[in-house]
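Take a look at the letters that make up each chain.
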Amino acid sequence: MTTEEKKSGPVKVTGEALRPIIKDVGLELSDPLLEDFSALLTDFEAMIDLVKDDSSVQPRPDLSKYPRTDIHIPEDTDKGGWATKVTAKCTSPKSNLLANRTVALKDNMALAGVRCTNGTAMVDWVPEIDATIATRIMDHGATITGKSACENACMEGMSCTSITGHVHNPFADGYSAGGSSSGSGRLVATGSVDLAIGCDQGGSIRIPAAACGIVGLKPTWGLVPYTGIISLNPTIDHAGPMARTVRDCALLLEAIAGPDGWDDRQPPIELGGWPSEFVRDVDAVVELPKDSMLSGIKVGVMDEGFKVPGGCENVSAVVRSAAEKLSELGATVSSVSVPEHFKGVAAWAGSTFSSSAPGALLGVKVGRKQLDMPDRCALVGENLTQAQFDALGPGAAYMHLAYLWSKKHHGPQLHARCANIQKSISDAYDNALKDFDVLITPTVPEPPNKLPALDVSGRPLAYMIATKTIIANTSPTDSTGHPAISLPVGFSPARDDASVKLPVGMQIIGRKYRDADCLKVAAAWEKAFDWKSQ
């Protein structure tokens with residue numbers, strides 16, 4: 001016997017049970033100490049017995065108020081865009097802000113009763129809760145019509161790793177729709193839905209927005225609650241709107257932004273001046289005469305964003321031309337150098353890969369005050385099984401192995417160093433934004449890649465090398481928390497076939513909590529110019 005069950009339920013810990021545990025970590029205890037700590041751990045087990053059930057405090061939806069029907073896996077997925085279809089809405093919405101709009105949720109978001117794949121077969125999970133922003137979307141009058149496909153464990157920048165299949169670019173079959181919010185990008189672009197939610201830890205809203213020719217905003221870190229969404233790492237988790245127009249992007253942001261009482265990155269009270277009326281700001285700008293829409297706005301074209309190794313000159317030229325056109329709208333446009341930007345991917349990778357696997361893959365959540373999902377945690381053990389590891393895409397598998405490697409060879413100091421460097425990158429952007437209202441880079445330095453014919457998980461090297469270029473301009477602002485929007489501004493030939501024209505996105509980076517500045521600059525450009533004719 002290693003433990004004894006007491007009549008009241010809690011476990012009685014014995015020295016026999018404790019000894020092998022401490023031996024596994026190289027510790028020894030004398031018999032008297034073993035006896036005392038066994039007694040203390042028995043008391044600990046008694047406390048655990050008091051908190052066995054948290055279901056009453058979870059945000060489980062009232063299904064009479066938020067009914068969901070017609071849950072099914074569709075035969076027609078819109079060339080990979082859909083993971084699961086459903087009709088979910090509020091019977092008594094609080095407002096008509098999103099009335100008559102249809103919305104797709106990325107398939108890493110909880111919607112009770114609807115499977116949540118996170119793009120992978122590693123875990124088979126049907127949540128019993130609704131994500132905060134799913135509830136807010138329904139409260140504002142929209143209908144959720146399904147879960148959009150996402151890439152495997154949300155760790156891919158190309159649309160070829162989801163358990164639900166490849167997601168094709170809406171402008172050219174066989175090319176990437178971006179990732180990891182690949183389905184959201186495609187469904188909005190094809191008109192299958194009016195709006196969609198994406199999540200962004202390395203660029204996963206902005207990359208598919210650029211690839212699919214739509215608008216996608218990664219909000220300021222913490223502006224939108226991440227409650228009820230599968231996390232990669234709370235320090236880089238962002239959820240945000242994807243839409244065909246800037247105004248619709250602002251509309252959806254207005255519906256989902258603000259503290260929810262769960263996400264500890266958000267202030268628990270409404271602060272004076274909390275940014276919430278994004279549509280008003282957008283409408284005010286586009287109603288002005290063309291040559292004064294951006295009067296007084298200073299735009300910095302960030303040199304480093306155009307010098308990414310492996311970048312495409314065609315993409316750079318399209319974005320530079322688009323940025324210069326902002327001067328026709330009254331803005332002052334000039335170049336700016338932020339050398340720290342070049343460290344962004346390395347610092348993001350060092351921090352993310354050395355720390356994220358336990359939370360993202362094993363369900364370990366510590367150090368934060370936020371909603372956890374114990375039912376999903378229970379589906380994964382202390383370590384991944386071979387079958388679970390084999391179910392991962394190349395990005396998630398690489399992250400897990402990099403975590404194991406860095407834990408063995410670099411220790412916690414790697415993450416500590418990267419966190420400090422990320423702060424210096426954030427400071428560098430802040431310093432540049434003292435002189436400029438927004439900064440400009442290509443969203444993705446190259447056009448969308450051709451999708452591989454087969455699953456790439458067998459040979460990840462070439463795939464992962466390509467992904468490094470894709471996230472070069474997006475991942476740094478996930479680390480720093482600055483808002484950034486991708487706006488379609490033209491086309492570039494595909495690298496492998498000049499006859500194939502694919503969308504190019506311009507990234508507009510703003511000051512923290514000045515998401516409205518990103519939206520206003522994007523809205524002015526959108527109103528003044530037709531991106532499809534550039």
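Quick caveat: nothing in here was measured; it's all calculated off a predicted structure.

Novice: Sorry, what's going on with the packing of helix α1 (residues 15–24) against helix α2 (residues 31–49) here?
Specialist: Helix-helix packing is described using two parameters, namely the angle between the two axes and the distance between the axes. Orientation of α1 relative to α2, taken along the N-to-C sense of each, is 105°, at an axis distance of 9 Å. By the angle between their axes, α1 is roughly perpendicular relative to α2. Listed contacts from α2 to G15, L18, R19 and I22 of α1 are D31, L34, F37, S38 and L41. Class assignment of the residues belonging to the contact of α1 with α2 gives a composition of five nonpolar, two polar and two charged.

Novice: What am I meant to see in the environment of D200 here?
Specialist: Looking at where D200 falls in the secondary structure, it is placed in the loop between β9 (195–199) and α5 (206–212). A relative accessible area of 0% places D200 in the buried class. On a C-alpha basis, the gap between D200 and D76 in space is 27 Å, while along the polypeptide they are 124 residues apart. If sequence neighbours within four positions are ignored, D200 has contacts with I205, R206, K218, I236, D237, H238 and D478. In this structure the side chain of D200 is engaged in a polar contact, spanning 2.8 Å, whose partner is the backbone nitrogen of G203.

Novice: Looking at this model, I keep getting lost on the nonpolar core. Mind explaining?
Specialist: If you look at soluble globular proteins, the nonpolar side chains tend to sit buried side by side. The biggest cluster of nonpolar side chains holds 75 residues, and the ones touching the most others in it are I137 and M506. In contact with M506, not counting residues within four places along its chain, are V319, A322, A323, I440, T441, T443, I485, S486, L487, V489 and W525. By size, the runner-up hydrophobic cluster in this structure holds 42 residues, among which are M158, A349, A391 and A397.

Novice: So what exactly am I meant to see when it comes to α1 here?
Specialist: Each turn of an α-helix holds 3.6 residues, which means side chains three or four residues apart point in the same direction. Of the residues making up α1, those classed as buried are A17, L18 and I22. Seen along its axis, α1 keeps its buried residues to an arc of 115°; they face one direction. Exposed side chains of α1 directed beyond 90 degrees from the buried face belong to E16, K23 and D24.

Novice: Would you explain the sheet that holds strand β4 (residues 82–88) in this entry?
Specialist: Strand pairing in a sheet takes place through backbone hydrogen bonds and is either antiparallel or parallel in direction. The 12 strands lie next to each other as β3-β4-β6-β5-β9-β11-β10-β15-β16-β14-β12-β13, forming an open sheet whose pairing is mixed. Looking along the sheet, the strands with just one partner apiece sit at the ends: β3 (68–72) and β13 (332–336). Neighbour-to-neighbour, the strand axes of the sheet open up by a mean angle of 25°, direction not taken into account. Relative to strand β11 (residues 239–243), strand β10 (residues 215–218) is paired through two bridges, and the arrangement is antiparallel. Its bridge partner lying in β11, G216 is registered against M242.

What counts as what
- Every chain is numbered independently, its residues counted from 1 as its sequence is written.
- This being a predicted model, a pLDDT of at least 70 is required before a residue's local features are given, and a value of 80 or more before pairs of side-chain atoms are given or counted; all residues contribute to the totals for chains, interfaces and linings.
- In computing side-chain properties, one takes all heavy atoms of the structure into account and sets aside hydrogens as well as water.
- All axes here are fitted lines through C-alpha atoms, helices being fitted over the stretch that makes contact, and every angle between N-to-C directions spans 0 to 180 degrees.
- Secondary structure is summarised from DSSP: a helix means a run of H or I of at least four residues, a strand means a run of E of at least two, and numbering begins at the N terminus for each.
- In what follows, roughly perpendicular refers to angles from 65 to 115 degrees, roughly parallel to angles under 35, roughly antiparallel to angles over 145, and oblique to any angle outside these ranges.
- Contacts are assigned to residue pairs that have any heavy atoms within 4.5 Å of one another.
- Gly counts as polar in this scheme, as do all residues outside two lists: the nonpolar Ala, Val, Leu, Ile, Met, Phe, Trp, Tyr, Cys and Pro, and the charged Asp, Glu, Lys and Arg.
- Think of it in three bands: residues with accessible area under 20% of the maximum for their type are buried, residues over 50% are exposed, and the middle band is partly exposed, with areas taken using a 1.4 Å probe on protein chains only.
- Contacts described as polar in this section are N or O atom pairs within 3.5 Å, which, within protein, must combine one atom able to donate a hydrogen with one able to accept it, while residues neighboring in sequence count only if both atoms come from side chains.
- Among buried residues, those of type Ala, Val, Leu, Ile, Met, Phe, Trp, Tyr and Cys that are joined through side-chain atoms within 4.5 Å constitute a nonpolar core.
- The arc in question is the one spanned by the directions pointing from the helix axis to the C-beta atoms.
- In this analysis, strands are considered paired if DSSP registers two or more bridges between them.

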